[in-house]
Amino acid sequence: MKRIFILIVVAAVFAACSSPEKKAEVLLTEARSAVAESRYDDARALVDSLRSAYPTAVEARREALKLENEFELADAKKCLEQTSEKLVSETERLDSMKTYFILEKDSKYQAVGYFVNPEQIGSKMHKTALRAQVNEEGQMVLVSIVHGKKLGHKRIRVSLPTGEMAETPRCFSFLTHTVVGYEEEASFKLGDDGGVVEFISNNSGTMTVTCIGDSGEYAFQLSPSDKFAVRHCYMLAKRFESVKALAQEKEKLSLKVRFYEKKMTL
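In this report, the structure presented in the accompanying data block is examined.

Definitions and cut-offs
Residues numbered from 1 in each chain as written. Predicted model: local features only at pLDDT ≥ 70, side-chain atom pairs only at ≥ 80, totals over all residues. Heavy atoms only, no water. Helix = DSSP H or I, 4+ residues; strand = E, 2+ residues; numbered from the N terminus. Rg over C-alpha atoms; globule rule 2.2 N^0.38 Å. Buried < 20%, exposed > 50% of the residue type's maximum accessible area, 1.4 Å probe, protein only. Contact = heavy atoms within 4.5 Å. Areas by Shrake-Rupley, 256 points an atom, 1.4 Å probe, with all protein chains shown as cover. Lys, Arg positive; Asp, Glu negative; His and termini not counted. Charge placed at Lys NZ, Arg CZ, Asp CG, Glu CD. Salt bridge = Lys/Arg side-chain N within 4 Å of Asp/Glu carboxyl O. Core = buried A, V, L, I, M, F, W, Y, C linked by side-chain atoms within 4.5 Å. Axes fitted to C-alpha atoms, helices over the stretch in contact; angles between N-to-C directions. Parallel < 35°, antiparallel > 145°, perpendicular 65-115°, else oblique. Left-handed = near helix turned anticlockwise from the far one by under 90°. Nonpolar A, V, L, I, M, F, W, Y, C, P; charged D, E, K, R; others polar. Pairing = 2+ DSSP bridges. Phe/Tyr/Trp six-rings, centres within 6.5 Å; stacked < 30°, edge-to-face > 60°.

1. A closer look at the overall build of the protein
Stage number 1. A count of helical and extended segments in the protein gives 6 helices and 10 strands.
Stage number 2. Here the C-alpha atoms of the protein give a radius of gyration of 29 Å, more than 25% beyond the 18 Å that 2.2 N^0.38 yields for 266 residues.
Stage number 3. Projected onto the principal axes, the alpha-carbon positions of the protein cover approximately 90 × 45 × 30 Å.
Stage number 4. Here the protein holds 266 residues, and the buried ones make up 40% of them.
Stage number 5. Considering only intrachain contacts with a sequence separation of at least 6, the fraction spanning at least 24 residues in the protein is 61%.
Stage number 6. Of the accessible surface of the protein, which amounts to about 14800 Å², a share of 54% is contributed by carbon and sulfur atoms.
Stage number 7. Side-chain charges of the protein comprise 39 positive and 38 negative groups, with the mean position of each set lying 2 Å from the other.

2. As for the pattern of salt bridges
Stage number 1. Evaluated as defined, the whole model comprises 23 salt bridges.
Stage number 2. Here Arg32 ties to Glu25 by a salt bridge, and the two come within 3.6 Å at their closest N and O atoms.
Stage number 3. A relative accessible area of 34% means that Glu25 is categorised as partly exposed.
Stage number 4. With a closest N to O distance of 3.0 Å, Arg157 and Glu167 form a salt bridge. Of this pair, Arg157 sits in strand E5 (residues 153-159) while Glu167 sits in strand E6 (residues 165-167); the two residues are 10 residues apart in sequence, bridging distant segments of the chain.
Stage number 5. Its relative accessible area of 28% is what places Glu167 among the partly exposed residues.

3. Let's talk about the nonpolar core
Stage number 1. One finds Met140, Leu142, Ile156, Ile200 and Leu236 to be the most contacted residues of the largest nonpolar core, which totals 36 residues.
Stage number 2. Looking at this core, the elements with two or more residues in it are helix H4 (58-98), strand E3 (129-135), strand E4 (140-147), E5, strand E8 (181-189), helix H5 (196-202), strand E9 (208-213) and helix H6 (224-265).
Stage number 3. Other than its neighbours up to four places away in sequence, Met140 contacts Ala132, Gln133, Val134, Phe188, Lys189, Leu190, Val197, Val230, Cys233, Tyr234 and Ala237.
Stage number 4. Counting 17 residues, the second-largest nonpolar core is a separate cluster that includes Ala34, Tyr40, Leu50 and Ala57.

4. Describing the packing of H4 against H6
Stage number 1. Relative to each other, H4 and H6 sit at 155°, their axes nearing to 8 Å. Of the possible angle classes, the one that applies to H4 and H6 is roughly antiparallel. Crossing angle aside, the handedness with which H4 passes H6 is left-handed.
Stage number 2. Looking at the contact of H4 with H6 residue by residue, the class counts come to 17 nonpolar, 6 polar and 13 charged.

5. Considering unusual backbone geometry
Stage number 1. The phi dihedral of Ser38 falls on the positive side, at around 60°, and the residue is not glycine.
Stage number 2. Relative to the assigned elements, Ser38 resides in the loop between helix H2 (20-36) and helix H3 (40-53).
Stage number 3. The class for Ser38 is partly exposed, based on a relative accessible area of 37%.

6. Examining the pairing of strand E10 (residues 216-221)
Stage number 1. Pairing between E9 and E10: 6 bridges, direction antiparallel. In the sheet register, Val209 faces E10, and the bridge partner there is Phe220.
Stage number 2. Hairpin connection between E9 and E10: a loop of 2 residues separates the two successive antiparallel strands.

7. Brief notes about the packing of aromatic side chains
Stage number 1. One pass over the full model with this rule turns up 3 aromatic pairs.
Stage number 2. Ring geometry for Phe115 versus Phe240: centroids 6.4 Å apart, planes at 40°, classification tilted. With Phe115 in strand E2 (residues 114-116) and Phe240 in helix H6, the pair connects residues that are 125 residues apart, well separated along the chain.
Stage number 3. Looking at Phe240, the relative accessible area reads 7%, which means it is buried.

8. A few points about the environment of His126
Stage number 1. Within the element layout of this structure, His126 appears in the loop between E2 and E3.
Stage number 2. The sequence separation of His126 and Gly148 amounts to 22 residues, and the corresponding C-alpha distance is 9.6 Å.

Given below as structure tokens:
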């Protein structure tokens, strides 16, 4: 539609006048009308057409440059305002979602705490399970916990009765000895988890978790509460991701606004 509009304008230019400067002026007038109506994409296309078609129309090109600075600044300010509003809304949603989690953080030892589901707080996790957590910077971590065994496991596989599965790459694991016995843990960050978190979040029904170690394997059924915790943390991590993306976009648009503001003063 936009291309058709530009072609109509160009055709009208050729029909109306003959000198390059006058033809360029017609395009410039149309571009000004587009800016007045906040049709910035049309304005860009018209200015580009002017530059391409009339390289010798010096005065029109000079005016087109001024107009371009004007509409690029206006467009950047408009986008900045819209992005700022989205960021506020998304941040409010993130803050609301955080209230459903427990923030585990020891200020003496941890610079960054972790949001966990109430059913998966540390005091309840002395059992074989999958623990999901999201740190205060938005990074989700999936922790496989094997209680009472020494597998040296560095990978996990999650599978459905149908045979569909997802498996993590190898990672580091460590063994601790607590009052309730041995506990072995392996941690996988979202994005480096082989798609396991997304697999759990997108599927329902019975799931089997297999911990794969140097000295064997151990399989257990993923509990409904652990499955919910993984999905819930995945949603929280995605909300963090959305807020970060909007904040980055806002910063980029702020720089663009400052650039055109400075350019217009020169």
